[in-house]
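Geometric and topological summary
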Amino acid sequence: MPPSSSGAGLNGFDKADLHIHTKCSDGIHTPEEIVEKASAAGLSAISITDHDSVAGIDKAKPSASAKGLELIHGVEMSSTYQGYDIHVLGYFFDHRHPALTGYLDHCRELRTQRAERMVGKLAKMGVKIGLDQIILKAQNGSVGRPHIAAVLQDGGYVRSFSEAFSKYLGAHSPAYVKSIETHPGEVIRLLNEAGGLSFLAHPGQSAPDEILKQLITLGLDGIEIVHPSHDTYKQNYYRQIANEYFMLFSGGSDYHGLKDRDDDTFGKVNIPGDWVEKMRSRLVKA
């Protein structure tokens, strides 16, 4: 039985959260503030996995070191496969690897272009917001739909983030523009070249069974088992698939700080320390 929101890991001691966002993408807290929260929550290890950005890693390092908290290099990279937005979580890579950093810089440009196209679609619907407002919300970080949602809320066009997504920004909503259309195999290759591991993020949200099986053949190292959107049934289900293909397990709170539920999950939706050790041992064997 995998952990869900019990607090302690399987061994009852170390617990980790390997899916956290900061202001360097679409979270509300700085990397330093995340370290403070993680330490206060009793976590022993975290990974800052900002969208297509590794800018938060070096910012978090001094405070993590001071708190005795292990900071695992992380990122959540966008890709598209057969019409599905597929997110790949990367861990333990060299965050200064030239090919990876060059690609992530390119992604930042693509994200800004995507936001510009969404602003254009909104304008045709009579919803007038500026790209400069969105970039300001992102604080020079990786621009995403939550920043557009925040501007829509500020402008009185919607009452909440959920309304912004259901009315305008969701995958089936009128102002939606597809995410970065890189093939997930390319993302996996980049992470591998940088010495890291690749995991499929929240498959329960994004990957039907037939797509999941195809993605596994691309060379993924593991599956995100524990996620707020995965109930116990889904956790068990994805764990069985991971075991079948000799894959690693990961998980975390997917914390952004944007919704009421986020503070209920932070520190509670976590994974046991031995999952992290198995990830580390896979790197050694590689």
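Being a predicted model, the structure only gives us computed values, none of them experimental. (Residues numbered from 1 in each chain as written. Predicted model: local features only at pLDDT ≥ 70, side-chain atom pairs only at ≥ 80, totals over all residues. Heavy atoms only, no water.)

Looking at the chain, the pLDDT average stands at 91 and 94% of residues meet or exceed 70. Considering only residues more than four positions removed or in separate chains, one finds that residues 1–12, a stretch of pLDDT under 50, has 35 contacts. (pLDDT = per-residue confidence, 0-100. Contact = heavy atoms within 4.5 Å.)

Under the criterion given, the structure shown has 10 salt bridges. Residue Arg159 pairs with Glu163 through a salt bridge whose shortest N-O separation is 3.8 Å. A salt bridge links Glu186 to Arg189; its shortest N-O distance comes to 2.5 Å. Note that Glu186 and Arg189 are positioned in helix H7 (residues 184–193) at a spacing of 3 residues, about one turn of the helix. The class of Glu186 is partly exposed, set by a relative accessible area of 31%. Exposure remark for Arg189: the relative accessible area of 35% places this residue in the partly exposed category. Taken together, the salt bridges that share partners define one network made up of Asp58, Lys61 and Arg96. (Salt bridge = Lys/Arg side-chain N within 4 Å of Asp/Glu carboxyl O. Helix = DSSP H or I, 4+ residues; strand = E, 2+ residues; numbered from the N terminus. Buried < 20%, exposed > 50% of the residue type's maximum accessible area, 1.4 Å probe, protein only.)

Taken in spatial order, the 8 strands line up as S7-S6-S5-S4-S3-S2-S1-S8 in an open sheet, and their pairing is mixed. The outermost strands of the open sheet, each flanked by one partner alone, are strand S7 (248–251) and strand S8 (271–272). With respect to the sheet, helix H1 (residues 31–40) is in contact with strand S1 (15–20) and strand S2 (45–48), its orientation differing from that of S2 by roughly 155°. (Pairing = 2+ DSSP bridges. Axes fitted to C-alpha atoms, helices over the stretch in contact; angles between N-to-C directions.)

Moving on to the nonpolar core. Core analysis: the biggest nonpolar cluster contains 62 residues, and Ile46, Met77 and Ile223 have the highest contact counts within it. Element by element, the count of residues in this core is highest for strand S3 (residues 70–81), at 5 residues. Ile223 has contacts with Phe199, Leu200, Pro203, Leu212, Ile216, Tyr238, Ile241, Ala242, Met247, Leu248, Phe249 and Ser250, leaving out every residue within four places of it along the chain. Listed in part, the 21 residues of the second largest apolar core include Ala115, Val143, Ile148 and Leu152. (Core = buried A, V, L, I, M, F, W, Y, C linked by side-chain atoms within 4.5 Å.)

Where helix H3 (residues 98–124) contacts helix H5 (residues 145–154), the two axes come as close as 10 Å, and the packing angle between them is 35°. Two packed elements cross with a definite hand, and for H3 against H5 that hand is right-handed. Along its contact with H3, which presents Arg114, Ala115, Met118 and Leu122, the element H5 presents Arg145, Ile148 and Leu152. Residue classes in the contact of H3 with H5 are distributed as 5 nonpolar, no polar and 2 charged. (Left-handed = near helix turned anticlockwise from the far one by under 90°. Nonpolar A, V, L, I, M, F, W, Y, C, P; charged D, E, K, R; others polar.)

With 27 residues, H3 should cover 39 Å at 1.5 Å per step; its first-to-last C-alpha distance of 40 Å lies within 8% of that length. Looking at the buried side of H3, the elements it contacts are S3, helix H4 (131–138), H5, helix H6 (161–169) and H7. Count one or two residues on from H3 and you reach Gly126, which has phi positive near 85°. (Expected span 1.5 Å × (residues − 1).)

Within the secondary structure layout, Ser47 lies in strand S2. There is a polar contact of 2.9 Å between the side chain of Ser47 and the backbone oxygen of Ile72. (Polar contact = N/O pair within 3.5 Å; in protein donor to acceptor, adjacent residues only side chain to side chain.)

Here the focus is the packing of H3 against H4. Interaxial distance between H3 and H4 falls to 10 Å at its minimum, and their mutual angle equals 135°. Viewed along their axes, H3 and H4 adopt a mutual orientation that is oblique. In the packing of H3 onto H4, the handedness of the crossing is right-handed. For the pair formed by H3 and H4, the contact residues are Thr112, Ala115, Glu116 and Val119 on the first element and Leu131, Ile134 and Ile135 on the second. Class assignment for the residues of the contact of H3 with H4 results in 5 nonpolar, 1 polar and 1 charged. (Parallel < 35°, antiparallel > 145°, perpendicular 65-115°, else oblique.)

If you walk through the whole model with that rule in mind, you get 0 disulfides. Counting only cysteine sulfurs, Cys107 is the nearest neighbor of Cys24, a cysteine outside any disulfide, at a range of 15 Å. (Disulfide = S-S within 2.5 Å.)

What follows is about the environment of Asp132. You can see Asp132 is positioned in helix H4. Overall, the relative accessible area of 57% leaves Asp132 in the exposed class. Between the C-alpha atoms of Asp132 and Lys167, which are 35 residues apart in sequence, the distance is 22 Å.

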